[in-house]
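# Coordinates in review
Here's the letter readout for the chains.
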Amino acid sequence: MGFALLLTEVEIAWGAKILGVRVWPSEDYTRITLESDTPLPITQQILTNPDRLVVDVQGLELNSTLKDLVAKVKPNDPYIAQVRVGQFQPGVVRLVFDLKEPIKPQLFTLDPAGEYNYRMVFDLYPTTPPDPLMELVKSSARKEAALAKSNEEVDLIAQFAHKKDVPKAPTAPVAQAIPETKEAPAPAKYKRLITIAIDPGHGGEDPGAIGSLGSREKHVVLSIAKRLKDKIENEAYMRPFLTRDGDYFVPLHARVQKARRVEADLFVSIHADAFIQPHAKGASVFALSQMGASSSMARWMANKENASDLIGGINIKTQDRQVANLLLDMSTTAQIKDSLQVGNSVLKQIGGFAPLHKGKVEQASFAVLKAPDIPSILVETAFISNPQEEAKLNDDGYQDRIADAILKGIKDYFSKNPPVARKSNA
């Protein structure tokens, strides 16, 4: 009886329940989330030889949900080799993460947001983060070389044509040394590769909008984004960059930072939103506004998208104030003008086969569109809250046509607005 009473007292004193455990691996970082019905204090320590992260969670007894964390860490996780979970002492559960390489952990807690209760978040960042620009340069080296060769050939033919126009005294024949012009390559439109940053909305802890059939926006838009990436890969003058290539969370300001780090010429954010009325339908394209939203719908959608960080789980303490100020204050009139132009080109292409919610590019203060020096648009591919449109969004053919339309709009814009040359070769 005494032992049973002791257990009851422990359960009363340490009554927190773990509601779920989730792991989100990616090359950027691995996130582990523990969701509980009450906030719980956590402490951490880093150990070396071998590398380990030790986390103690106060006020908790080990249960089957916590033990599930062991199986959720997969062999292909970039940073975690395995995790061990045990009852360190009464009311304290210890998590030991065996690491594949040194990491910089960020541990923080989140208050309830969206459909989530209290969350403990462990973000494991590599001590030497990958350089997205270097990776992009490596992956597009062959295409870069082909473009450079094409430009050299065009320049050579242009020089030869100029020389032919100049009268010369008869000399020994040298015509054989000059390239023939009958199969001259088409003049290169661009002197360098055009970098397109493709931004699939939401991800990880943030599912985005959810349709009546259970479709999650984060999965749909990632699929469309990957289709667009593949199509851009096939373009001789373009290279794509995904702000996320898997199911993990990327804060809004980090999406903009990534695009700027790869020196993107265009930022395209892809979404499939919901509205309070299920009959709302049609695709939309948005650009940034400095003067307020162009409609109440645009304002509502911008507010909803800008709340993604709360649901996805951003560590407010480490947010770079300088970056936040930059995004708030430096959006330029020129950026908005260019964004409206490319937005109109894309909207026209989508309207060729799909219904549009509005026949013009709308504007609102979307945080993700605030890169001061990159034309930026947000494409709402359809309303996932509309059952008919939800079915289309899950159709391979519709996804492919949307990706095609976005690409055609991008190509149309750059054919009229070629990017300026850069000093660097990136």
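A few points on the structure. Just so we're clear, the structure is a prediction, and the values are computed from it rather than from any experiment. (Residues numbered from 1 in each chain as written. Predicted model: local features only at pLDDT ≥ 70, side-chain atom pairs only at ≥ 80, totals over all residues. Heavy atoms only, no water.)

### Points about helix α3 (residues 132-139)
Of all the residues in α3, the buried ones are P132, L133 and L136. Projection of α3 onto a plane perpendicular to its axis shows the buried side chains occupying an angular sector of 100°, all on one side. The opening residue of α3 is D131, an N-cap whose side-chain oxygen sits 3.0 Å from the backbone nitrogen of L133. (Buried < 20%, exposed > 50% of the residue type's maximum accessible area, 1.4 Å probe, protein only. Helix = DSSP H or I, 4+ residues; strand = E, 2+ residues; numbered from the N terminus. Arc of directions from axis to C-beta. Polar contact = N/O pair within 3.5 Å; in protein donor to acceptor, adjacent residues only side chain to side chain.)

### Description of the pairing of strand β3 (residues 42-47)
Sheet analysis places β3 next to strand β4 (residues 52-58), joined by 6 bridges and oriented antiparallel. Paired with T43 across the strands is D56, a residue of β4. Counting the residues that bridge the hairpin from β3 to β4 gives 4 residues, and of these N49 lies at a positive phi of roughly 50°. (Pairing = 2+ DSSP bridges.)

### Describing the sheet that holds strand β10 (residues 238-242)
Strand order across the open sheet formed by 6 strands is β10-β9-β11-β14-β12-β13, with mixed pairing between neighbours. Every other strand in the sheet has two partners, leaving β10 and β13 (362-364) as the edge strands with one partner each. With strand direction ignored, the average angle separating the axes of adjacent strands in the sheet is 30°. As judged from the 5 bridges shared by strand β9 (residues 194-200) and β10, these two strands associate in the parallel manner. Across the sheet, residue A197 finds its bridge partner in β10, namely F241. Across the face of the sheet, helix α7 (residues 296-306) comes into contact with β11 (266-271), β12 (284-288), β13 and β14 (376-380) while running at roughly 50° to β13. (Axes fitted to C-alpha atoms, helices over the stretch in contact; angles between N-to-C directions. Contact = heavy atoms within 4.5 Å.)

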